[in-house]
Amino acid sequence: MDDRNLMENLLMLEKGACDLYTHGTVESATPEVTQQFKNALNDSLCMQGDIFKKMQAKGWYAPEQAEASKLGTVKQKFATA
């Protein structure tokens, strides 16, 4: 496993953790538990952002630019909703 694969795996794991913490925040029964999930989510989002930035700096993660026509279609779809 090379560095790129390792970073891709770390990024996917952090994204999964963010998803779990989001659900935990929404489903929490008490304000104290909600706050703990929010804290964990914030930490995980920061780590995910750091991993993304490092991958992007190395040229390993280059998000595709959306086409203007597709953006217009999406805008219209949600403007009428």
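Anything mentioned here points back to the structure above.
Residues numbered from 1 in each chain as written. Predicted model: local features only at pLDDT ≥ 70, side-chain atom pairs only at ≥ 80, totals over all residues. Heavy atoms only, no water.

## Overview of the packing of helix α1 (residues 3-27) against helix α2 (residues 31-57)
Put simply, α1 and α2 touch, their axes get as near as 9 Å, and they point 160 degrees apart. One way to sum up the angle between α1 and α2 is to call them roughly antiparallel. Note that α1 runs across α2; the crossing there is left-handed. Among the residues forming the contact of α1 with α2, the class breakdown is 14 nonpolar, six polar and five charged. (Axes fitted to C-alpha atoms, helices over the stretch in contact; angles between N-to-C directions. Helix = DSSP H or I, 4+ residues; strand = E, 2+ residues; numbered from the N terminus. Parallel < 35°, antiparallel > 145°, perpendicular 65-115°, else oblique. Left-handed = near helix turned anticlockwise from the far one by under 90°. Nonpolar A, V, L, I, M, F, W, Y, C, P; charged D, E, K, R; others polar.)

## Remarks on α1
With 25 residues, α1 extends 36 Å between its outermost C-alpha atoms, agreeing within 8% with the 36 Å of an ideal straight helix rising 1.5 Å per residue. Buried within α1 we find M7, L11, E14, A17, C18, G24 and T25. Buried positions along α1 lie against α2. (Expected span 1.5 Å × (residues − 1). Buried < 20%, exposed > 50% of the residue type's maximum accessible area, 1.4 Å probe, protein only. Contact = heavy atoms within 4.5 Å.)

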